[in-house]
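# Geometric and topological summary
Residues per chain are reported as follows:
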Amino acid sequence: MKFNTNIISPRSIIPLIPFIILEVRTVITWIQFQNTDLAPQKRHFFGAVLVMATLVSLLIKRRVGMIMTVITLVLITFNVAAFTPVITTHWFVIKQPEIQLAGLGLLILFIILNIKPIMHFLNIKVPEIPDADF
């Protein structure tokens, strides 16, 4: 098995910031479970498995890892998985799924930092903005 060694370059770290935050927060959560009387739920186990699978896929093939990151963040946003010890959810309209704002924030950050690769993946061409004549 050959690992991707280009993942460490400074230019390639910026798109991974949401995953790094997610990974660090997951580790802190599990440390808190060990040191307090909080007990992990099924969503915490599922979130930890997703984060580990994403890490392995990022090390093997970056594109698959980025797709796994999006899947993980969407599942966390819609309260299927969790990466914080206390799960806080919000809803905005009746009969709307509960949303974890921390996951939504990381998903928005991921989209902002990876807008060009996302547009390239979806085959969306960015229209050129004409120069303004002053």
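Data block above holds the structure.
Overview of the structure. (Residues numbered from 1 in each chain as written. Predicted model: local features only at pLDDT ≥ 70, side-chain atom pairs only at ≥ 80, totals over all residues. Heavy atoms only, no water.)

### Digging into the packing of aromatic side chains
Heads up, the rule is: Two aromatic rings from Phe, Tyr or Trp, using only the six-membered ring of Trp, form a pair when their centres are within 6.5 Å; if the ring planes differ by under 30 degrees the pair is stacked, by over 60 it is edge-to-face, and anything between is tilted. Only runs of H or I of at least four residues qualify as helices and only runs of E of at least two qualify as strands under DSSP, and these elements are numbered from the N terminus. Here's how the labels work: a residue is buried when its accessible area is under 20% of the maximum for its type, exposed when over 50%, partly exposed in between, all with a 1.4 Å probe on protein chains only.
Here the structure, examined in full by the defined rule, presents two aromatic pairs. Ring geometry for W30 versus F33: centroids 5.2 Å apart, planes at 75 degrees, classification edge-to-face. Here W30 pairs with F33, and both are found in helix 2 (residues 17-35), just three residues apart, close to one helical turn. On the basis of an interplanar angle of 55 degrees and a centroid distance of 5.2 Å, the ring pair of W30 and F45 is categorised as tilted. Here F45 lies in helix 3 (residues 42-60) and W30 lies in helix 2, a separation of 15 residues in the sequence. Residue W30 is classed as partly exposed on the basis of its relative accessible area, which comes to 23%. Among the residues examined, F45 registers a relative accessible area of 47% and is labelled partly exposed. Here the aromatic cluster, defined as three or more aromatic residues joined through ring pairs, consists of W30, F33 and F45.

### Structural notes on the packing of helix 3 against helix 4 (residues 62-77)
This is how it is decided: For helices, the fitted axis covers only the stretch in contact; all axes are lines through C-alpha atoms, and the angles between them, taken along N-to-C directions, range from 0 to 180 degrees. The scheme is simple: roughly parallel for angles under 35 degrees, roughly antiparallel for over 145, roughly perpendicular for 65 to 115, oblique for anything else. Note on convention: the crossing is left-handed when the near helix lies turned anticlockwise from the far helix by less than a right angle, right-handed when the turn is clockwise. Only heavy atoms enter the contact rule, under which two residues are in contact if any of them lie within 4.5 Å. Amino acid classes used here: Ala, Val, Leu, Ile, Met, Phe, Trp, Tyr, Cys and Pro are nonpolar; Asp, Glu, Lys and Arg are charged; the rest, including Gly, are polar.
Remark: helix 3 packs on helix 4, axes separated minimally by 6 Å, with the N-to-C direction vectors making an angle of 160 degrees. When the interaxial angle is binned, helix 3 and helix 4 end up roughly antiparallel. The interaxial crossing formed by helix 3 with helix 4 has left-handed handedness. Where helix 3 abuts helix 4, its residues F46, L50, V51, A53, T54, S57, L58 and I60 lie against R62, V64, G65, M66, M68, T69, T72 and L75. When the residues that make up the contact of helix 3 with helix 4 are grouped by side-chain class, the tally is 10 nonpolar, five polar and one charged.

### Some details on the environment of Q100
Turning to its location among the elements, Q100 is positioned in the loop between helix 4 and helix 5 (101-113). In this structure the C-alpha to C-alpha distance between Q100 and V80, which are 20 residues apart in sequence, comes to 9.7 Å.

### Digging into the side chain of H44
You can see H44 is positioned in helix 3. Note on H44: relative accessible area 1%, which makes it buried. With near-sequence residues (within four places) excluded, H44 lies in contact with T29, W30, F33, A82, T84, P85 and I87.

### What to know about unusual backbone geometry
Excluding glycine, most residues fall at negative phi; most peptide bonds, likewise, are trans. Look at N79: it is not a glycine, yet its phi comes out positive at around 65 degrees. Here N79 shows up in the loop between helix 4 and helix 5. With a relative accessible area of 13%, N79 lands in the buried category.

### Quick word on the nonpolar core
Nonpolar side chains in soluble globular proteins tend to end up buried together. What counts here: Buried residues of nine kinds, namely Ala, Val, Leu, Ile, Met, Phe, Trp, Tyr and Cys, make up a nonpolar core once their side-chain atoms join them within 4.5 Å.
With 14 residues, the main nonpolar core has L22 and L73 as its most contacted residues. At the level of elements, helix 2, helix 3, helix 4 and helix 5 are the ones that each hand at least two residues to this core. Once you skip the residues sitting within four places of it in the chain, L22 turns out to touch V51, T72, L73, I76, F83 and L106.

### Remarks on helix 2
Formally: In this analysis, the expected span of each helix is defined as 1.5 Å times one less than the number of residues it contains. Taken from the helix axis, the directions to the C-beta atoms give the arc we talk about.
Across its 19 residues, helix 2 extends 27 Å between first and last C-alpha, which sits within 8% of the 27 Å expected from 1.5 Å per residue. Along helix 2, the residues classified as buried are P18, F19, L22, E23, T26, T29 and F33. In an axial view of helix 2, the angular spread of the buried residues amounts to 140 degrees, which keeps them on one side of the axis. Of the residues in helix 2, the exposed ones pointing more than 90 degrees away from the buried face are Q34 and N35. Of the surrounding secondary structure, the elements contacted by the buried residues of helix 2 are helix 3, helix 4 and helix 5.

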